Amino acid sequence: MASEISPKAEISPKAKIGDGCKIFPFVYIEDDVVIGDNCIIFPFVSILNGTKMGSNNKIHQNTVLGACPQDFAFTGEETELIIGDNNIIRENVVINRATHADGQTVIGNNNFLMEGSHISHDTKMGHRNVLGYGTKIAGDCLIGNGVIFSSSVIENAGTRVGDLAMIQAGTTFSKDVPPYIIAGGTPVGYGGPNNTIMKASGIDERVQKHVANAYRLLFHGQVSVFDAVLQIIEQVPDGPEIQEIVRFVKATKKGIISKM
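Residues numbered from 1 in each chain as written. Predicted model: local features only at pLDDT ≥ 70, side-chain atom pairs only at ≥ 80, totals over all residues. Heavy atoms only, no water.

Looking at the packing of aromatic side chains
Each aromatic ring pair is characterised by the separation of its centres together with the angle its planes make. Across all of its chains, the model carries five aromatic pairs by this definition. An angle of 40 degrees between the planes, with centres 5.7 Å apart, marks the rings of tyrosine 190 and tyrosine 215 as tilted. One end of the pair, tyrosine 190, is in strand β28 (residues 189-193); the other, tyrosine 215, is in helix α2 (residues 205-220), and 25 residues separate them in sequence. Take tyrosine 190: its relative accessible area is 8%, and that puts it in the buried class. On the accessibility criterion, tyrosine 215 (0% relative accessible area) is buried. Taken together, Tyr190, Tyr215 and Phe219 form an aromatic cluster joined through their ring pairs. Over the ring of phenylalanine 248 we find arginine 160; its NZ or CZ atom is 3.8 Å from the centre of that ring. (Phe/Tyr/Trp six-rings, centres within 6.5 Å; stacked < 30°, edge-to-face > 60°. Helix = DSSP H or I, 4+ residues; strand = E, 2+ residues; numbered from the N terminus. Buried < 20%, exposed > 50% of the residue type's maximum accessible area, 1.4 Å probe, protein only. Lys NZ or Arg CZ within 6 Å of the ring centre and 35° of its normal.)

Concerning the state of the cysteines
Working definition: the covalent bond between the sulfur atoms of two cysteines is a disulfide. All chains considered together, the criterion is met by zero disulfides. Free cysteine: cysteine 21, not disulfide-bonded; nearest cysteine sulfur from cysteine 39 at 4.8 Å. (Disulfide = S-S within 2.5 Å.)

A short note on the side chain of threonine 99
Note that threonine 99 resides in the loop between β14 (94-96) and β15 (104-107). Among the polar contacts listed, one links the side chain of threonine 99 to the side chain of aspartate 71, at a separation of 2.9 Å. Here the side chain of threonine 99 touches histidine 121 through a polar contact of 3.1 Å, side chain to side chain. Excluding residues within four positions of it along the chain, threonine 99 makes contact with Pro69, Asp71, Ala73, Phe74, Glu77, Thr79, His121 and Asp122. (Polar contact = N/O pair within 3.5 Å; in protein donor to acceptor, adjacent residues only side chain to side chain. Contact = heavy atoms within 4.5 Å.)

If you want it as structure tokens, here you go:
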């Protein structure tokens, strides 16, 4: 099916537009842009050089995709923003492309980015995540799958958030948030296992208890993080979720958040 493109949209003839797209008036699309099939681009959206987008995405008014990175190390290199399929990106969202040519900013599939959220250069986000109103993600962050950011969250540069974590509204954090937990407060701290989302994701109640035991050792024990990881390996029944907790904590460079 041919795409429906308003004559009032300004689209480079070099841009590649898939089938079945609907592009409204006053959309601006530059040369080095790829848009997959069945995307809807609402008025006043700007899609800039280096943006590669999959299928079935909805991009709402005043969003800017592929904006130049807000990074003093940026020297004008040709860099990329990669967006997957089935994403909903609401009004006034800004997503920056990478700083250097060997990097990428990556947004996976089935994410929901609410109004006013911002994802900075070289951040990589997985699938099925929700960014609440006004949430700001700094550069070089890693975000897993099924993560929920409530409104006005600030994730500082170079930090990671594990799968199925939830960050409470107004939280600012500069350390890693492990998977399957709730984090919030000032300063940010561990608020318990995220049982509601684990259950909704099909994680068995028995496994949820194992996750809670692992985090009891990590956040409420009187030992170092290194020793807590050893205790988790020795004392908590093994499984994919426990392995993911161990892997995540072992890989931290910024350190992990503490208990509330």
